[in-house]
Amino acid sequence: MDDNVRELVLGLVAAAITAAAGWFARTCVWRRKLHRQQRFFGLPAHSGCLLVVNHDPATDESAVARNDVFALLELSALVKDCGARMEVVAHDAARRGFGEHTEFCLGGPGSNERTAAHMEMLLPGVAVNTDAEPGPGQAAFTVGGERYRMEKGSVEYVLLARLTGASSPVGGTRGERGDSEAVRPVFLICGQRSLTNQAAARYLARHHVRLARRHGPDGDFCLLLRVVNSRAYGPDVVELVADVTREASASPAR
C-alpha cells in the first residue's frame, strides 16, 4: 500500500474514532442532564403528572386567564422535555391525594382550591388575603410576620414552591419508600395576579438547574419572587426576594 494512501486511511480512521468519542461524550452529558431534570421534577420517562388549573377570579364562569394559559404552556414544555405525559385537571375536580404523581398547581388560594389545601397542610406560615374587594391589602402575602403588598403594574409578588410533604403523615421519605416509590413533588405557583403566575413558571423553566443544585434534586423549598414593572416588561423581569422555606413551613404563632 502506498504511504499516502496509508496515511489517508489512518487519518479517516482517527477522525471516525474522534467523532464517535465526541458523540458518546455528548450523549452521556445529555443523559446525565436529563436524569437530573427528571429527578428534580419527579418525572421519569413515560410517567404522568397533573397540571391543576385555577379559574379566572374576574369571571364567574370556569374560565382560565390568558396569562395562566401561557404559564401552562411553559410547564407543559418542561413535562415534554422529561419525556412524561400530563393531565390537565380543573382545581375543583382534582379529588385525590398527593405524592404518587408530580403535580403543578397554578394560582393562589382564592382561585385554586387545590392550592388552598396544599398551603394549609404544607405552608402553614403563609397567609394570603383572598378578599376580592379592591384595597391596599388585596392579594397581600404575609410570610413570617412580613407583609408583601401588591402595587399593580409596579411591584407584584409570587410564591414558587417545591414540596414533597416528607414530614407529613401522607408523605414519606426515600428511605421508607425506595426510589421506585419515591414521593413525587408538588410545585406550587401562587401569584398575586395571573401575570405573576406566568413569570414564576418562566422562572422555573429557566432556573431549574440552579434550583436543583442549590436545594438538592429532592429538596423542598419556597421562594418569594418579585415581578418588577410588569406594566412595561410583562413577566420577564423577576427578582428573587428571599428563600422563605423555614418561615413558610412553620406554624404561625397564635
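Residues numbered from 1 in each chain as written. Predicted model: local features only at pLDDT ≥ 70, side-chain atom pairs only at ≥ 80, totals over all residues. Heavy atoms only, no water.

## Quick notes on the overall build of the chain
So the rule is basically this: Secondary structure elements are defined from DSSP: runs of H or I of at least 4 residues count as helices, runs of E of at least 2 residues count as strands, and each element is numbered from the N terminus. The rule is simple: take the accessible area with a 1.4 Å probe, protein chains only, and divide by the maximum for that residue type; under 20% is buried, over 50% is exposed, in between is partly exposed. Here, two residues are considered to be in contact whenever any of their heavy atoms come within 4.5 Å of each other. Residue burial considers only the protein chains on display, and all accessible areas are found by Shrake-Rupley using a 1.4 Å probe.
Of the regular secondary structure elements, the chain holds 7 helices and 10 strands. For the chain, the proportion of its 254 residues judged to be buried stands at 43%. Put simply, of all contacts in the chain between residues at least 6 apart along the chain, 68% involve residues at least 24 apart. In the structure as shown, the chain presents an accessible area of about 14,000 Å², 53% of it carried by carbon and sulfur atoms.

## Let's talk about the sheet that holds strand β4 (residues 126-128)
Two modes of strand pairing occur in sheets, parallel and antiparallel, and in both the strands are linked by backbone hydrogen bonds. Note the threshold: Should DSSP find at least two bridges between two strands, the strands are taken to pair. Whenever a helix is involved, its axis is fitted only over the stretch in contact; in every case the axis is a line through C-alpha atoms, and angles between N-to-C directions fall within 0 to 180 degrees.
Across the sheet, 3 strands lie side by side as β4-β5-β6; this open sheet has antiparallel pairing. A strand with exactly one partner marks an edge of an open sheet, and here the two such strands are β4 and β6 (146-148). In this sheet, neighbouring strand axes are inclined to one another by 20° on average, regardless of whether the strands run parallel or antiparallel. Pairing geometry for strand β5 (residues 141-143) and β6, over 3 bridges, is antiparallel. Paired with V143 across the strands is E146, a residue of β6.

## Points about the packing of helix α2 (residues 66-81) against helix α5 (residues 194-215)
Just so we agree on the cut-off: Oblique is the label for every angle not falling under 35 degrees (roughly parallel), over 145 degrees (roughly antiparallel), or within 65 to 115 degrees (roughly perpendicular). Definitions for this section: a left-handed crossing has its near helix turned counterclockwise from the far helix by less than a right angle. A right-handed crossing has that turn clockwise. Residues are grouped as follows: nonpolar covers Ala, Val, Leu, Ile, Met, Phe, Trp, Tyr, Cys and Pro; charged covers Asp, Glu, Lys and Arg; every other residue, Gly included, is treated as polar.
It is at 7 Å that the axes of α2 and α5 come closest, and there the two elements cross at 15°. One way to sum up the angle between α2 and α5 is to call them roughly parallel. As for how α2 packs across α5, the hand of that crossing is left-handed. Counted together, N67, D68, F70, A71, E74, L75 and L78 of α2 and S194, L195, N197, Q198, A201, R202, L204, A205 and H208 of α5 form the full contact between these two elements. Looking at the contact of α2 with α5 residue by residue, the class counts come to 8 nonpolar, 5 polar and 3 charged.

## Section: the sheet that holds strand β7 (residues 155-163)
Taken together, 7 strands build an open sheet; the order of strands is β2-β1-β3-β8-β7-β9-β10 and the sheet is mixed. This sheet does not close on itself; its edge strands, each paired only once, are β2 (85-90) and β10 (238-243). For this sheet, the mean angle separating the axes of adjacent strands, direction not counted, is 20°. Two elements, β7 and strand β8 (residues 186-191), share 6 bridges in a ladder whose sense is antiparallel. Residue R162 lies in a different strand from β8, and its bridge partner there is F187. Lying on the sheet, α2 is in contact with β1 (48-53), β2, β3 (102-106) and β8; it crosses β1 at an angle near 170°.

## A closer look at the nonpolar core
In summary, soluble globular proteins display a tendency toward joint burial of nonpolar side chains. Note the cut-off: In these notes, a set of buried Ala, Val, Leu, Ile, Met, Phe, Trp, Tyr and Cys residues joined through side-chain atoms within 4.5 Å is what counts as a nonpolar core.
Grouped together as the largest cluster of nonpolar side chains are 31 residues, with contacts concentrated most on F40, F41, L43, L75, F104, I189 and L204. Not counting residues up to four positions away in its chain, the partners in contact with L43 are Q38, G48, C49, V79, C82, A84, T102 and F104. In terms of nonpolar packing, the next biggest core, distinct from the first, is built from 24 residues, L50, L122, V186 and C190 among them.

## Focus: the pattern of salt bridges
Note the threshold: Criterion for a salt bridge: a side-chain nitrogen of Lys or Arg within 4 Å of a carboxyl oxygen of Asp or Glu.
A complete count under the given rule lists 6 salt bridges for this structure. Residues R39 and D218 are paired through a salt bridge, measuring 2.6 Å at the closest nitrogen-oxygen approach. Here R39 is found in helix α1 (residues 3-41), whereas its partner D218 is found in the loop between α5 and β9 (221-228), with 179 residues between them in sequence. For D218, a relative accessible area of 25% translates into the label partly exposed. Note that E103 and R114 form a salt bridge whose closest N and O atoms lie 2.8 Å from each other.

## Details of the pairing of β8
The buried fraction of β8 amounts to 6 of the 6 residues, a majority that puts the element mostly inside the structure. Burial along β8 is two-sided: the face carrying V186, L188 and C190 and the face carrying F187, I189 and G191 are both buried. As paired elements, β3 and β8 share 4 bridges and run parallel to each other. Within the sheet, the bridge partner assigned to C105 lies in β8 and is L188.

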